[in-house]
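Reading the structure
Each chain is listed here by its residues.
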Amino acid sequence: MSKKGRVLVAMSGGVDSSVAAVMLHEQGYDVIGITMKTWDYASAGGSSKETGCCSLDSINDARALAVGYGFPHYILDIRDEFGDYVIDNFVDEYIAGRTPNPCVLCNTHIKWSALMKRADKLDCEFIATGHYANIRMHDNGRYVISKGRDENKDQSYVLWGVSQENLARTQFPLGSFTKKEIRQMALEMGQAELAKKSESYEICFVPDNDYRAFLRHKRPTLDQEIGPGNFILSDGTVVGQHIGYPYFTIGQRKGLGIALGKPMFVIEILPESNSVVLGEEHELEKSQAFVRDINLVKYASLERPMEAVTKIRYKDAGAESVLTQQGNVMQVDFAHQVKGIAPGQSAVFYEGNDLLGGGFLMK
Ligand SMILES: Nc1ncnc2c1ncn2[C@@H]1O[C@H](COP(=O)(O)OP(=O)(O)OP(=O)(O)O)[C@@H](O)[C@H]1O
């Protein structure tokens, strides 16, 4: 084994994790590549060409790179765990009237544990991924995730659920680079095709990004079970009909299938009555949120209320807030109103660039 140690690199076949693997290989680590098959793209009922990370092409791309650089590559079939947990939860959350966060759930419950198990079997001290984030040990002995240097690509938001035990053995080799630099490195590695590869799908298992079709595919009786319901205003006035509440998300404006003469947004989803509440943009504003199932990263707990920046969705700039921990739940009081708090989505807390932790937004 090399002096640097052995590292299991999660290779999706995309440019980021490919460059991460080569980078570690060139730094002198004993690299072993691994591609997880989470989902059968072909069975998802979409028209999509096989472009997702679990397609044969992606697996072959990862393998070809490993062969080219002379390090081993394995395929790990986690379709059962992924299907039972991440995909079932995705469908259940929409049926509960919430907006699921599958990448976070996968990282928290599936990806890291599957990788760690395999790392132990292969005698790897570390695992590495191509996430744009940084990791370091803080003065208090905890492993802290901080934002990636590339603000546009920072992926710390999806990593709030990873445990300290797993972080202790994790590396993010791309944290101090920009996406542009990574593409340039791929070019310099002689990997022109890889350098050009487009970003992966937002949700890896939903073909064509059409989550409505995916829900129908996974739950063919969904439309009989739920059926059409009412669009209402916040005072209860019925203003039209919709195709069923699971097909809507908080903050949605497009694709409502109704015109009321002014821009209207989904402001609430009421599964009990199969109603979707519409309102004007200002009705999306809230000054407080509660976040469940929290995992704290930088500190073990918050002994007293603390100022932090809270992001309520992946591409959110973040808002000033005060956090008050109540056991497993975080109360978030925003300094100014924020728009579009969607139950089920992650709320993620930051102190400067450091990730304090996160959890799932409650109703
Ligand atoms: N199917 C997979 N098998 C192995 N590792 C994966 C897989 N999907 C994602 N990963 C790992 O998780 C990281 C983040 O995944 P994400 O889907 O956000 O990809 P990305 O940022 O587009 O990166 P890439 O260019 O490597 O696909 C990847 O860089 C990779 O290390």
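Residues numbered from 1 in each chain as written. Predicted model: local features only at pLDDT ≥ 70, side-chain atom pairs only at ≥ 80, totals over all residues. Heavy atoms only, no water.

Feature annotation in UniProt assigns "domain: tRNA-specific 2-thiouridylase MnmA-like C-terminal" (unreviewed entry) to the following positions: residues 291-360. End C-alpha to end C-alpha, residues 291-360 measures 5 Å, and it is 0% helix and 63% strand. (UniProt positions renumbered as here; feature names shortened; annotations may be inferred. Helix = DSSP H or I, 4+ residues; strand = E, 2+ residues; numbered from the N terminus.)

The tally for this structure, following the rule as stated, stands at zero disulfides. Cys-103 forms no disulfide, and the closest cysteine sulfur to it belongs to Cys-204, at a distance of 6.6 Å. For Cys-103, a relative accessible area of 35% corresponds to the partly exposed category. Looking at the unpaired Cys-124, the closest cysteine sulfur is the one in Cys-106, lying at 19 Å. Judged by its relative accessible area of 4%, Cys-124 falls in the buried class. (Disulfide = S-S within 2.5 Å. Buried < 20%, exposed > 50% of the residue type's maximum accessible area, 1.4 Å probe, protein only.)

Within this structure, the stated rule accounts for 18 salt bridges. With its nearest N and O atoms 3.9 Å apart, the salt bridge here joins Asp-16 to Lys-153. Taken as a pair, Asp-16 in helix H1 (residues 15-26) and Lys-153 in the loop between strand E6 (143-147) and helix H5 (164-167) lie far apart in primary sequence, 137 residues in all. Given a relative accessible area of 12%, Asp-16 falls into the buried group. The partner of Asp-354 in a salt bridge is Arg-136, and the shortest N-O contact between them spans 2.8 Å. Of the two residues, Asp-354 sits in strand E17 (residues 354-361) while Arg-136 sits in strand E5 (residues 133-137), which places them 218 residues apart along the sequence. You can call Asp-354 buried: its relative accessible area is 9%. Connected through salt bridges with shared partners, the residues Glu-93, Arg-98, Arg-292 and Asp-293 form a single ionic network. (Salt bridge = Lys/Arg side-chain N within 4 Å of Asp/Glu carboxyl O.)

Attention shifts here to the sheet that holds strand E9 (residues 238-242). Spatial strand order, E9-E8-E11-E10: four strands in an open sheet with mixed pairing. Lying at the two open borders of the sheet, with one neighbouring strand each, are E9 and strand E10 (265-270). When the angles between neighbouring strand axes are averaged without regard to direction, this sheet yields 30 degrees. When strand E8 (residues 229-233) meets strand E11 (residues 275-279), the two strands line up parallel, connected through four bridges. By the bridge assignment, Leu-233 is partnered in E11 with Leu-278. (Pairing = 2+ DSSP bridges. Axes fitted to C-alpha atoms, helices over the stretch in contact; angles between N-to-C directions.)

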